[in-house]
Amino acid sequence: MSTADEMEPISRPFHWNLLFAAWLMASVATLGALFFSEVMQRTPCVLCWYQRIFMFPLVFVLGAGLLPFDPRSVRYALPLAVTGWGFALYHCLLYMGFIPKSLQPCTQGLSCADVKLELFSFVTIPLLSLLAFTLIIALLWAVRKGIKQ
């Protein structure tokens, strides 16, 4: 018997909604990243590319877990989200000046520490990425914990 069959009938739609919310967040983040680079012509730095490497597949992994609902997709999505969160955190700390520019991986081309876009004077692209990964991790963790009950 699979994990999806062991869940209570009432909790199954709730967990599907959580997984859908995580998929929606990954989709919005992916579309936002593509908008910044393709429409606004903002060339991504090295750390932005690393974050994209972990965000873009989440759209497909979480989407595959939605139809039909398969909570096992969380086991594949969670490591992607956590690794992407780590890159986003490093990028935010570098962007804010907590990590010296000498430790940035961007040695050629665009600098990972340059301010390229700020919304409301403090919301940056790396911060948006960190918030997206954080929300996705929280939603995936809730699905994971709810299924093990």
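This report concerns the structure included in the present document.

About the cut-offs
Residues numbered from 1 in each chain as written. Predicted model: local features only at pLDDT ≥ 70, side-chain atom pairs only at ≥ 80, totals over all residues. Heavy atoms only, no water. Helix = DSSP H or I, 4+ residues; strand = E, 2+ residues; numbered from the N terminus. Expected span 1.5 Å × (residues − 1). Buried < 20%, exposed > 50% of the residue type's maximum accessible area, 1.4 Å probe, protein only. Core = buried A, V, L, I, M, F, W, Y, C linked by side-chain atoms within 4.5 Å. Contact = heavy atoms within 4.5 Å.

Here's the deal with helix H3 (residues 46–66)
For an α-helix, 3.6 residues make a turn, and residues three or four places apart therefore share a direction. Spanning 21 residues, H3 covers 31 Å between terminal C-alpha atoms, matching the ideal 30 Å at 1.5 Å per step. Among the residues of H3, those classed as buried are Leu 47, Cys 48, Gln 51, Arg 52, Phe 54, Met 55, Leu 58, Val 59, Leu 62, Gly 65 and Leu 66.

What about the nonpolar core?
With 27 residues, the main nonpolar core has Leu 58, Leu 62, Ile 136 and Leu 140 as its most contacted residues. Contributing elements (two or more residues each) for this core: helix H2 (11–39), H3, helix H4 (73–96) and helix H5 (125–147). Here this core gets nine residues from one element, more than from any other, and that element is H5. In this structure Leu 62 touches Leu 19, Ala 22, Trp 23, Ala 26, Ala 77 and Leu 140, once residues within four positions along its chain are discounted. By size, the runner-up hydrophobic cluster in this structure holds five residues, among which are Cys 45, Leu 47, Leu 94 and Ile 99.

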